[in-house]
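A look at the structure
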Amino acid sequence: MTLTKEGFHGALPPPSEVAKALMDSITEEEDDLLQSVTRTGAVVPKQRAMGRLVMHSMAMFGREFCYAVEAAFVTPVLLSVGLPKNLYSLVWLISPILGFVLQPVVGSASDHCTCSWGRRRPYILGLGIIMLLGMALYLNGDVMISAVVGERDIRRTWAIVITMLGVVLFDFAADFIDGPIKAYLFDVCSHQDKEKGLHYHALLTGLGGALGYLTGAMDWGQAVLGFSLASEFQVIFFFAALVFLSCLTLHLRSIPEVPLRYENEETTFLLEVTKSYKYSSTEEEIKNGYLKPKRTGMKAAAKPGKCAVMSRTEDERRMTLKSLLKTLLSMPSHYRYLCVSHLFGWMAFLSNMLFFTDFMGQVVYQGNPYAPHNSTLYLTYKTGVEMGCWGLCINAISSSVYSYLQKILLPYVGLKGLYFIGYLLFGLGTGLIGLFPNVYSTLALCSLFGVMSSTLYTVPFHLIAEYHREEESLKLRDREQAGDHGRGKGIDCAALTCMVQLAQIILGVGLGLLVSVAGSAVTVISASMVALIGCCFVAFCVRYVE
């Protein structure tokens, strides 16, 4: 018997039956995955192995290692190329100003990125490349210019320009990369794994900083590589680049991202789950109406042109700079208070850390950086600076240890307790250092710097995750589609990270003037006062999700 075209189509089961048959063919394991869709319609990512979370955190290890190298070598490098003193403030202000302006823009762009590799990883890779470029320029710029330019004055001018450019690029990218890394973690992990991931981030941040400071403290000029390469700075660049590239590669290959091809992440999750149970493309089946969502709130296209309509809608929702500013200004008050508390924390932390080695040299050791280089006062100052570097190493190690202790303390004191303890201990510690500048007590109290560092890297982002989970619960109550709002995790993490750049701008403008008038002792006293003010703000203004 010959089937007509109409008869052939009539013999096929309707699309709804095909979809039902496909869904029934899913094994019990995949069915459990489907059950991870919450009642809000939002997908709960599966639990991640500890190894994957550690791999994800390696980016923070590499970033902090390079940061520590910069802290140890950037001032000697700038001095060696002959940078005028009146340009110092310009070097430290350009990067935070650029970051403060561009951070929310890139955070919003990553929320809507449709790259097949994922939303966050393309930006992380790009910023990592800029970090390497900046580090190469400020550590090797003088050598590169000397090989190309022969005239002394022109060589000096270009060496200053290239070195300044390298410092600005490195600081810009290193500050910038933190936001996409945190948003990447929030996108691919469940709530419990977000907590673990943030603790691993803080742990490896501290370890990376400690190793970076130790690397900077070693005399590489007498090593084999020191004789092979042109200068100690090139040896340091070799190790820093190797460490950072290895860590970045592990990070980018840690947890796969789901590409943002459709407006709803739930649809994409459905595509992944049904992938191995189809003959043709699942995307085609969705477009042709053979796969349809169930009561979980997943939305797939019922007609061939639906996905294109959704894509156009997504394009219309992309933020312009004007709408982005409007979103930031109209953010809920609890987000705004969290940003202000984060600003207080970073202002206190940076005002102490940026001038700590100078404080050790001038106040604790009673040295003089302006004395003749062969004088006792200058040598005493150098000894104080070296001891200050060991204090910063203690800070990095204590940050790692405290990040582990946070997991133990969290069930007992909660996020509010952790936030309050971090600010309080730092404020008391810096106050005691300023009032009683003794070598041994100062080194012992450096461990409290690590408590603050670990707190700033974990608790505020933990609260962002809590706020987003609460919003999803509210959408459940109001029977709205989860994730259907104009502000995403990327822009919230970016707004929080912007406070670091704003703190740098405020300190770069104001604290340098105070130091020139009152000396280095004012830095730790200022840090203590700001931290204690922030402590009150954390206790009474920041909202905590019960």
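Fair warning: this is a prediction, and the values are worked out from it, not measured in the lab. (Residues numbered from 1 in each chain as written. Predicted model: local features only at pLDDT ≥ 70, side-chain atom pairs only at ≥ 80, totals over all residues. Heavy atoms only, no water.)

1. Points about the overall build of the chain
- On a plain count of helices and strands, the chain comes out with 21 helices and zero strands.
- When burial is assessed residue by residue, the chain has 51% of its 546 residues classed as buried.
- Nonlocal contacts in the chain, meaning residues at least 24 apart in sequence, comprise 80% of its contacts between residues at least 6 apart.
- As presented, the chain carries roughly 25,700 Å² of accessible surface, and 64% of it is formed by carbon and sulfur atoms. (Helix = DSSP H or I, 4+ residues; strand = E, 2+ residues; numbered from the N terminus. Buried < 20%, exposed > 50% of the residue type's maximum accessible area, 1.4 Å probe, protein only. Contact = heavy atoms within 4.5 Å. Areas by Shrake-Rupley, 256 points an atom, 1.4 Å probe, with all protein chains shown as cover.)

2. Section: the packing of helix α16 (residues 333-353) against helix α19 (residues 439-477)
- Running from N to C, α16 and α19 point in directions that differ by 170 degrees, and their axes come no closer than 11 Å. Looking at the two axes, α16 sits roughly antiparallel to α19. The crossing of α16 and α19 is left-handed. When α16 is examined against α19, the residues H334, Y335, L338, H342, G345, W346, F349, N352 and M353 are found in contact with a partner set consisting of F449, M452, S453, L456, Y457, P460, L463, I464, Y467, H468 and E471.
- Considering only residue class, the contact of α16 with α19 consists of 13 nonpolar, six polar and one charged. (Axes fitted to C-alpha atoms, helices over the stretch in contact; angles between N-to-C directions. Parallel < 35°, antiparallel > 145°, perpendicular 65-115°, else oblique. Left-handed = near helix turned anticlockwise from the far one by under 90°. Nonpolar A, V, L, I, M, F, W, Y, C, P; charged D, E, K, R; others polar.)

3. Observations regarding the environment of F420
- Considering the arrangement of structural elements, one finds F420 in helix α18 (residues 376-435).
- On a C-alpha basis, the gap between F420 and F537 in space is 9.2 Å, while along the polypeptide they are 117 residues apart.
- Apart from the residues lying within four places of it in its own chain, the contact partners of F420 are C535, V538 and A539.

4. Quick look at the pattern of salt bridges
- Tallying each qualifying case throughout the model produces seven salt bridges.
- Salt-bridge contacts for E257 lead to R121; the nearest nitrogen and oxygen are separated by 3.4 Å. Residue E257 is located in the loop between α11 (232-252) and α12 (265-273), and its partner R121 is located in helix α6 (residues 121-148); the two are separated by 136 residues in the primary sequence. Of the two residues, E257 and R121, neither departs from the other in class, the shared state being buried.
- E470 is the partner of R543 in a salt bridge, and the nearest nitrogen-oxygen pair spans 2.8 Å. Residue R543 is located in the segment after α21 (521-540), and its partner E470 is located in helix α19; the two are separated by 73 residues in the primary sequence.
- On the accessibility criterion, R543 (31% relative accessible area) is partly exposed.
- A single salt-bridge network, built from bridges that share partners, covers R119, R120 and D187. (Salt bridge = Lys/Arg side-chain N within 4 Å of Asp/Glu carboxyl O.)

5. Some remarks on a nonpolar patch on the surface
- A grouping of I397, V401, Y404, L405, I408, L409, Y412 and V413 is seen on the molecular surface, where their side chains present a nonpolar patch of about 760 Å² in accessible area.
- Take Y404: it is sitting in helix α18. (Patch = residues over 30% accessible without salt bridge, like charges linked within 9 Å, V, L, I, M, F, W, Y side chains within 5 Å.)

6. Examining the packing of aromatic side chains
- Here the structure, examined in full by the defined rule, presents 13 aromatic pairs.
- When the ring of Y335 is compared with that of Y467, the centres are 5.2 Å apart and the planes differ by 65 degrees; the resulting orientation is edge-to-face. Residue Y335 is located in helix α16, and its partner Y467 is located in helix α19; the two are separated by 132 residues in the primary sequence. Judged on exposure class, the residue Y335 and its partner Y467 are both buried. (Phe/Tyr/Trp six-rings, centres within 6.5 Å; stacked < 30°, edge-to-face > 60°.)

7. What to know about unusual backbone geometry
- Residues other than glycine seldom take positive phi values, yet Q366 does so here, at roughly 60 degrees.
- Assignment of secondary structure puts Q366 in the loop between α17 (356-364) and α18.

8. Remarks on the state of the cysteines
- Counted according to the given criterion, the structure contains zero disulfides.
- For the unlinked cysteine C535, the closest cysteine sulfur is that of C536, found at 5.9 Å.
- On the basis of relative accessible area, C536 is assigned to the partly exposed category, the value being 45%. (Disulfide = S-S within 2.5 Å.)

9. A short note on the confidence of the model for the chain
- With 71% of its residues at a pLDDT of 70 or more, the chain shows a mean pLDDT of 75.
- When pLDDT is averaged over each element of the chain, α21 comes out on top at 91 and helix α13 (residues 282-288) at the bottom at 39.
- The low-confidence segment residues 1-13 (pLDDT under 50) makes two contacts with residues lying over four places distant or belonging to another chain.
- Low confidence marks residues 15-42, where pLDDT is under 50. Its contacts with residues over four positions away, or in another chain, come to 50 contacts. (pLDDT = per-residue confidence, 0-100.)

10. Remarks on the side chain of D187
- Counting through the fold element by element, D187 comes out in helix α8 (residues 178-188).
- Side chain to side chain, D187 and R120 meet in a polar contact 2.6 Å long. (Polar contact = N/O pair within 3.5 Å; in protein donor to acceptor, adjacent residues only side chain to side chain.)

11. Points about the packing of α6 against helix α7 (residues 152-176)
- Close contact between α6 and α7 brings their axes to 7 Å; oriented N to C, the two are set at 165 degrees. Here α7 runs roughly antiparallel to α6, going by the angle between their axes. Considering only the axes of α6 and α7, their crossing is left-handed.
- A per-class count over the contact of α6 with α7 returns 18 nonpolar, five polar and two charged.

12. Section: α16
- When the terminal C-alpha atoms of α16 are compared, their 30 Å separation across 21 residues agrees well with the 30 Å that a helix rising 1.5 Å per residue should span.
- Counted residue by residue, α16 has 16 buried out of 21 residues, so it is predominantly covered. (Expected span 1.5 Å × (residues − 1).)

13. Notes on the environment of E466
- With respect to the helices, strands and loops of the structure, E466 is situated in helix α19.
- The buried category is assigned to E466, whose relative accessible area is 11%.
- The sequence separation of E466 and V545 amounts to 79 residues, and the corresponding C-alpha distance is 6.5 Å.
- Residues contacting E466, with those up to four places away along its chain left out, are H191, L415 and V545.

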